[in-house]
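# Chain and residue survey
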Amino acid sequence: MDFALTQEHQLIQESAYKFGQQVILPGLAERDRAHESDPTMLKQMAESGFLGVCMPEKFGGMGADYISLGIACEEMERADSTARVVLSVHVGLHSMTLLQWGTDEQRQRWLPELASGRRIAGFGLTEPNAGSDAINIKTTAIKDGDYYIINGAKTWISLADFADQFLVITRLAQTDAKAPYAAFIVDRTTPGFSSRPIKGKLGVRAGNTGEIMFADMRVHKDCMLGQEGDGFKVAMSALDHGRYTVASGAVGIITACLDACNKYANERMAGSEVIGKKQLVQQMIASMAQGRDIGRLLYQKVGWMKNNEMRHTRECSLAKWTNCAAAFDAANKAVEIHGAYGYCDEFPVERYFRNSRGAVIYEGTHEIHTIMQAEYELGYRQDKPLAVTLPGWPYKG
Ligand code: CAA
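Residues numbered from 1 in each chain as written. Predicted model: local features only at pLDDT ≥ 70, side-chain atom pairs only at ≥ 80, totals over all residues. Heavy atoms only, no water.

## Details of the environment of G226
Convention followed: What counts as a helix is a DSSP run of H or I of at least four residues, what counts as a strand is a run of E of at least two, and both are numbered from the N terminus. Only protein chains enter the accessibility calculation, which uses a 1.4 Å probe; a residue whose area is less than 20% of its type maximum is buried, one above 50% is exposed, and one in between is partly exposed.
Residue position: G226 is located in the loop between β8 (224-225) and α7 (231-267). Of the residues examined, G226 reaches a relative accessible area of 18% and is grouped as buried. Expressed as a C-alpha distance, the spacing of G226 and K333, which sit 107 residues apart in the sequence, is 45 Å.

Below you can see the structure in the form of structure tokens.
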């Protein structure tokens, strides 16, 4: 067993940290307050190679392993959740699922464009009336010769107004409750596609979230990922990748909380001593450090399992569940330590508090992961080996 980061991991850690400091943080407080995205951030993420960090070199990626993706998410979210969300949807939910389920032709067609950031990608599973119960989605894809006609709507879609293409999960019949599922890569330029932003979010305010809608959208059968009937499995595989990025990013929020609190607690006086000397403040700091280090072990184990092509649904759910709860708890404690200053955006901890709340909900709520973990433990849920696996690292294809 080797817990040490490789030289490549350390380089990625350093460059993702610098990216956060030099690209994400300048002007962020104003953008967050104004609910505005940075129009240049995607381009800069593409130029730095992060949009293809764990994609094989054969497909134009950096060729780094899956632990590197986790490290990049951690360091990016240490600056702000918006950049990590881009990695979650573009790399995790979309590109990695395409690498897992795509034919060689589909991989060659899309992955180099995505790894270079020439195209940006999103993911659509959740609908206005189907969230945790993803099984109840209503978007349909009805076969018409070599095409499928897609109708429906997806909500809470990150990059809804910016992504060039989306991985969309559909049903293959309108009325049949047992209709099989199918997954498609759809292009936003297809007639019948539209999007609109969701306004007034609690957190991730400098990031774009919205709805995407499909009205009689004709999509060629070549754009189907997997076969008819594979759609739900494609969706669940995508969540194995997305949840990994959320779990690793959550550790970055805890680190950011500690960065802010260690500084504040060593400067802020209460009577004759700094508040860092107060035992109740120390208790909160210790608990935050505990969440950070446990969280890092949990997500890096999942990254290692991905590298070794092992099924990791259970471990990934555990990491997402534990780390998101720990990040929200750390952000709450960080506000507490800052006192009244933690309640306004003069200090970053109120942003960490708002941003960390979302991750407890998306990519499987706290309750869904609690139930999954209980079911695994009680023997009601078992992970069978997958028929279609994410290629391990290094890529051998
Ligand atoms: N990889 C591949 N296949 C998988 C899989 C995986 N990780 N997990 C399950 N499957 C397969 C199973 O093997 C099974 O196939 P068989 O019938 O052939 O055995 C099939 O998929 C169904 O799996 P389950 O029996 O586990 O399905 P379930 O109905 O019990 O799942 C659930 C219940 C786990 C709660 C699931 O519905 C779930 O995860 N819900 C939460 C959905 C979610 O996280 N939504 C978030 C969407 S994305 C997002 O959040 C972005 C955003 O909004 C901002």
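Next comes the rest of the write-up.
## Points about the nonpolar core
What counts, and what does not: For the purposes of this section, nonpolar cores are sets of buried Ala, Val, Leu, Ile, Met, Phe, Trp, Tyr and Cys residues that join through side-chain atoms within 4.5 Å. It only takes one pair of heavy atoms within 4.5 Å for two residues to be counted as in contact.
In this structure, M45, M76, L87 and F184 are the most contacted members of the largest nonpolar core, which totals 83 residues. No other element matches the ten residues that helix α5 (residues 81-101) contributes to this core. Discounting chain neighbours no more than four positions away, the residues touching F184 are A141, Y148, I150, F166, L167, V168, T170, V219, C223 and M224.

## Description of the site of the ligand
Here is the rule: If a single non-hydrogen atom of a residue is within 4 Å of a molecule or strand, that residue counts as near it. Pairing of N or O atoms within 3.5 Å defines a polar contact, subject to two protein rules: one partner must be a possible hydrogen donor and the other a possible acceptor, and residues neighboring in sequence count only if both atoms are side-chain atoms. All accessibility values rest on the Shrake-Rupley procedure with a 1.4 Å probe; residue burial counts only the protein chains present in the view. Residue type decides the class: Asp, Glu, Lys and Arg count as charged, Ala, Val, Leu, Ile, Met, Phe, Trp, Tyr, Cys and Pro as nonpolar, and the leftover types, Gly among them, as polar. As annotated, the domain borders come from an automatic or database domain assignment.
As a structural note, the neighbourhood of the ligand is formed by 23 residues, with K233, D240, R243, E363 and R381 the closest of them. G364 is positioned such that a nitrogen or oxygen atom in its backbone is 3.0 Å from an oxygen atom of the ligand. In this structure, an oxygen atom belonging to the ligand sits 3.2 Å away from a side-chain N or O atom of K384. With the chains in place, 73% of the 1100 Å² that the ligand exposes on its own is no longer accessible. Elements with a minimum of two residues in the shell around the ligand: α7 and α11 (366-378). No other element matches the seven residues that α7 contributes to the shell around the ligand. A breakdown of the residues in the shell around the ligand according to their chemical character gives ten nonpolar, six polar and seven charged. The two domains that each donate at least three residues to the shell around the ligand are domain 2 (123-231) and domain 3 (235-378).

## A few points about the environment of A215
Assignment of secondary structure puts A215 in strand β7 (residues 209-220). A215 sits in the partly exposed class, given a relative accessible area of 47%. Expressed as a C-alpha distance, the spacing of A215 and R78, which sit 137 residues apart in the sequence, is 39 Å. Among residues more than four places away in sequence, those in contact with A215 are I150, N151, P191 and G192.

## Overview of the domain arrangement of the protein
To keep it simple, the criterion reads: Values labelled buried area give the accessible surface lost by two parts on being combined, using a 1.4 Å probe and summing over both. By definition, a salt bridge exists where a carboxyl oxygen of Asp or Glu is found within 4 Å of a side-chain nitrogen of Lys or Arg.
Taken domain by domain, the protein consists of domain 1 (7-120), domain 2 (123-231) and domain 3 (235-378). A C-alpha centroid distance of 30 Å is found between domain 2 and domain 3. Every contact between the two is made by nine residues of domain 2 and, on the other side, eight residues of domain 3. Roughly 720 Å² of surface becomes buried between domain 2 and domain 3 when both sides are summed, with 69% attributable to carbon and sulfur atoms. In terms of surface lost to domain 3, no three residues of domain 2 exceed S132, L202 and V204, which account for 48% of the buried area on that side. Taken together, the links from domain 2 to domain 3 amount to zero salt bridges. Seen at the junction of domain 2 and domain 3, the total is three residue pairs in polar contact (both at pLDDT 80 or more). Of the residues belonging to the side of domain 2 that touches domain 3, the class tally is five nonpolar, three polar and one charged.

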